[in-house]
Amino acid sequence: MAEIDAGEVLPNEHVQSMAAAGRVTQMHRGHKYADEGDTFEIDGTTFEVTDVTRRTLGDLTDEDAQREGSEDLAAYRERLNRVHDSFEWDDDSEVVRHRFEPRE
């Protein structure tokens, strides 16, 4: 368990502010950026990484998209295409889910 920078899991200030507001509770990334039990801080609140799981894009559901701040999986896919220049959705692409919650 380590204290990490919030930017390791949450790629920008907008997503970090959404996590602080409770609207983002997980983030899929292309690589593993944290371990279960790692902590990070946003605006004075400490968050703990509760789950790190390898998956594929094809495993993602509407619930996953909603936990990442999108309305549904279609909106999530559109967002990924918009923010990543050379991104192309491939159901077989491997990703890592990082789930986190505020520490009490």
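Right, let's walk through the structure included here. Remember, predicted model here, so these are calculated numbers, not experimental data. (Residues numbered from 1 in each chain as written. Predicted model: local features only at pLDDT ≥ 70, side-chain atom pairs only at ≥ 80, totals over all residues. Heavy atoms only, no water.)

### Observations concerning the packing of aromatic side chains
Right, so step 1: The final tally for this structure, using the stated rule, is five aromatic pairs.
Right, so step 2: Ring centres of Tyr 76 and Trp 89 lie 6.4 Å apart, and the angle between their planes is 90°; on these two criteria the pair is classed as edge-to-face. Linking Tyr 76 in helix α4 (residues 73-83) with Trp 89 in the loop between α4 and β4 (94-102), this pair joins segments that are 13 residues apart in sequence. Side by side, Tyr 76 and Trp 89 carry an identical accessibility label, which is buried.
Right, so step 3: Where Phe 87 meets Trp 89, the ring centres are 6.3 Å apart and the plane angle is 80°; that geometry is what we call edge-to-face.
Right, so step 4: Judged by its relative accessible area of 25%, Phe 87 falls in the partly exposed class.
Right, so step 5: In textbook terms, an aromatic cluster arises when at least three aromatic residues are bridged by ring pairs, as seen for Phe 40, Phe 47 and Phe 100.
Right, so step 6: Looking at Arg 29, its charged tip hangs above the ring of Tyr 33, at a distance of 4.4 Å from the centre. (Phe/Tyr/Trp six-rings, centres within 6.5 Å; stacked < 30°, edge-to-face > 60°. Helix = DSSP H or I, 4+ residues; strand = E, 2+ residues; numbered from the N terminus. Buried < 20%, exposed > 50% of the residue type's maximum accessible area, 1.4 Å probe, protein only. Lys NZ or Arg CZ within 6 Å of the ring centre and 35° of its normal.)

### Considering unusual backbone geometry
Right, so step 1: Positive phi is not limited to glycine here, since Asp 43 has a value of about 50°.
Right, so step 2: Topologically, Asp 43 is positioned in the loop between β2 (39-42) and β3 (45-56).
Right, so step 3: Under the relative-accessibility criterion, Asp 43 is labelled exposed at 70%.

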